[in-house]
Amino acid sequence: MAKQKNHGPSIKNDARYEALRDEGYSKQKAARIANTKNPGKKGGKAKTYEDRTRSALYEKAKEIGIKGRSKMDKEELIHALRNN
């Protein structure tokens, strides 16, 4: 068994992070999932992206760190959030 890398204090679950990276996830998305307590749990209460306002989508994109968000319309923000 190969020794697991330590990705520093910003990654809470190194094994899950490495597995996600091996599956092709971006570093940012793998880190977000690896730092979630229970990423497999479903049934959240959040509105769908289509039901949110552009400003709410912009704030979410800002929180995640999507570049170019200020020039995006609602559809572009939805696409960026889903594919980030």
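Our structure is the block above this text.
The shown structure was predicted, so the numbers you read here are calculated from the model rather than taken from an experiment.

Participant: Any chance you could explain the environment of Ser 70 here in plain terms?
Facilitator: Among the structural elements, Ser 70 can be located in the loop between α3 (54–64) and α4 (74–82). For Ser 70, a relative accessible area of 53% gives the class exposed. The spatial distance from the C-alpha of Ser 70 to the C-alpha of Tyr 58 is 7.4 Å, given a sequence separation of 12 residues. Setting aside anything within four residues of it in sequence, one finds Ser 70 in contact with Arg 54 and Tyr 58.

Participant: I'm lost on the packing of α3 against α4 in this one. Help?
Facilitator: In a packed pair of helices, the relevant descriptors are the angle between the two axes and the axis-to-axis distance. α4 packs onto α3 with a crossing angle of 35° between their chain directions and a minimal axis gap of 10 Å. Every pair of crossing elements has a handedness; the one defined by α3 and α4 is left-handed. Judged by residue contacts, Arg 54, Leu 57, Tyr 58, Lys 60, Ala 61 and Ile 64 of α3 engage Lys 74, Leu 77, Ile 78 and Leu 81 from α4.

Participant: Looking at this structure, I do not really get the environment of Leu 20. What am I missing?
Facilitator: One can find Leu 20 in helix α1 (residues 14–22). For Leu 20, the contacting residues outside a window of four places in its chain are Tyr 25, Ala 30, Ile 33 and Ala 34.

Participant: Even after reading the chapter, I still don't get α1, so can you show me in this structure?
Facilitator: Since the α-helix packs 3.6 residues into each turn, any two residues three or four apart lie on the same face. Among the residues of α1, Asp 14, Tyr 17 and Leu 20 are the ones counted as buried. Viewed end-on, α1 has its buried residues packed into an arc of 130°, placing them on one side of the element. For α1, the elements touching its buried residues are α2 (27–34). Where α1 begins, one side-chain oxygen reaches toward the backbone nitrogen of Ala 15, 3.3 Å away; that side chain belongs to Asn 13.

Rules used in this analysis
Residues numbered from 1 in each chain as written. Predicted model: local features only at pLDDT ≥ 70, side-chain atom pairs only at ≥ 80, totals over all residues. Heavy atoms only, no water. Helix = DSSP H or I, 4+ residues; strand = E, 2+ residues; numbered from the N terminus. Buried < 20%, exposed > 50% of the residue type's maximum accessible area, 1.4 Å probe, protein only. Contact = heavy atoms within 4.5 Å. Axes fitted to C-alpha atoms, helices over the stretch in contact; angles between N-to-C directions. Left-handed = near helix turned anticlockwise from the far one by under 90°. Arc of directions from axis to C-beta. Polar contact = N/O pair within 3.5 Å; in protein donor to acceptor, adjacent residues only side chain to side chain.

Keep in mind these values describe shape, not function.
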